[in-house]
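# A structural walkthrough
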Amino acid sequence: MIFLDKLRAAERRNGSLLCVGLDPEPAKFPARLKGDAGKIYDFCAAIVDATADLVIAFKPQIAYFAAYRAEDQLEKLMEHLRRNAPQVPVILDAKRGDIGSTAEQYAREAFERYGADAVTLSPFMGFDSVEPYLRHEGKGAFLLCRTSNPGGDDLQAQRLAGVEGQPFLYEHIAKLAQGPWNLNGQLGLVVGATYPAEIERVRALAPTVPLLIPGVGAQGGDAVATVRAGWRADAPIVVNSSRAICYASGGDDFAQAARDEAIRTRDRLEQAKH
Ligand SMILES: O=c1ccn([C@@H]2O[C@H](COP(=O)(O)O)[C@@H](O)[C@H]2O)c(=O)[nH]1
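Residues numbered from 1 in each chain as written. Predicted model: local features only at pLDDT ≥ 70, side-chain atom pairs only at ≥ 80, totals over all residues. Heavy atoms only, no water.

## Thoughts on the pairing of strand β4 (residues 118-121)
On β4, burial covers both faces: Ala-118 and Thr-120 on one face and Val-119 and Leu-121 on the other are all buried. In the sheet, strand β3 (residues 91-96) pairs with β4 via three bridges, with the strands oriented parallel. By the bridge assignment for β4, Arg-96 is matched with Leu-121. Handedness of the crossover joining β3 and β4 through helix α5 (residues 100-113) is recorded here as right-handed. Pairing of β4 with strand β5 (residues 140-146), which is carried by four bridges, proceeds in the parallel orientation. When the sheet's bridge partners are listed, Thr-120 is paired in β5 with Phe-142. Regarding topology, helix α6 (residues 127-134) serves as the crossover connection from β4 to the parallel β5, and that connection is right-handed. (Buried < 20%, exposed > 50% of the residue type's maximum accessible area, 1.4 Å probe, protein only. Helix = DSSP H or I, 4+ residues; strand = E, 2+ residues; numbered from the N terminus. Pairing = 2+ DSSP bridges. Right-handed = clockwise from strand over helix to strand, strands pointing away.)

This is the structure we're talking about:
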């Protein structure tokens, strides 16, 4: 099934806009796993099993695997997801961006090695750095647009003097994703929950593309304002929370605590639709 159809089906099936982010840090694991990078797969698989019926998507962040030389555990986790939660799309958060020939290899890494349904990309190097991902049939790509960090302003909130209307850079990216860059209809945008006014603006400029919205939970973004700004019945939003769910408890009950926190977050997001 193509990425957007899988996303819509997961939203309907699980009644959820929540994406659980998988950012494994061995130092934060419960006592019996603590500090052991060999247990990254076990930790993440337990979170997946505890929350798979509550989410629209999962988002493993590749840096947390690569930093611990745990790419083999990420491969195993992706297999686990395909076997145990085949209905839930997986967005590999890799934020890649490079010249076309290198982008082709990054695209193979995301879609062939790991089997992700979608990937996050930096649009900074232009369309030829994005196009190789669009050649992978049915796969999705989310372009960084207005990121959740305060420093996002440094570039994304600069005006483009050479473009008609002198839009902010993030506004220009939103228009490109809605229009000329969206060759396969599977492009989306990353917009931080910490900036609901910008989510609203991006949604106005890109009314039909999916939005991946990190920043609720540990970063303090407002879940209700996020849904009101970005959600439309015909345009999915994927609201990510990583640390607040993965580390809801530092004890042996971490998986149950992750489930409880996921239920609370999912319900807050659902209620905000009405
Ligand atoms: O603008 C962005 C883009 C990506 N992220 C990623 O999302 C999660 C957020 O983790 P929390 O623990 O929920 O804060 C993390 O993997 C980031 O790399 C982002 O935060 N903002």
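## Considerations on the side chain of Thr-147
Here Thr-147 shows up in the loop between β5 and α7 (153-156). Under the relative-accessibility criterion, Thr-147 is labelled buried at 12%. Separated by 2.6 Å, the side chains of Thr-147 and Asn-149 make a polar contact. For Thr-147, the residues in contact, after removing those within four places along its chain, are Gly-152, Gln-156, Gly-192 and Tyr-195. (Polar contact = N/O pair within 3.5 Å; in protein donor to acceptor, adjacent residues only side chain to side chain. Contact = heavy atoms within 4.5 Å.)

Geometric values such as these leave the question of function open.
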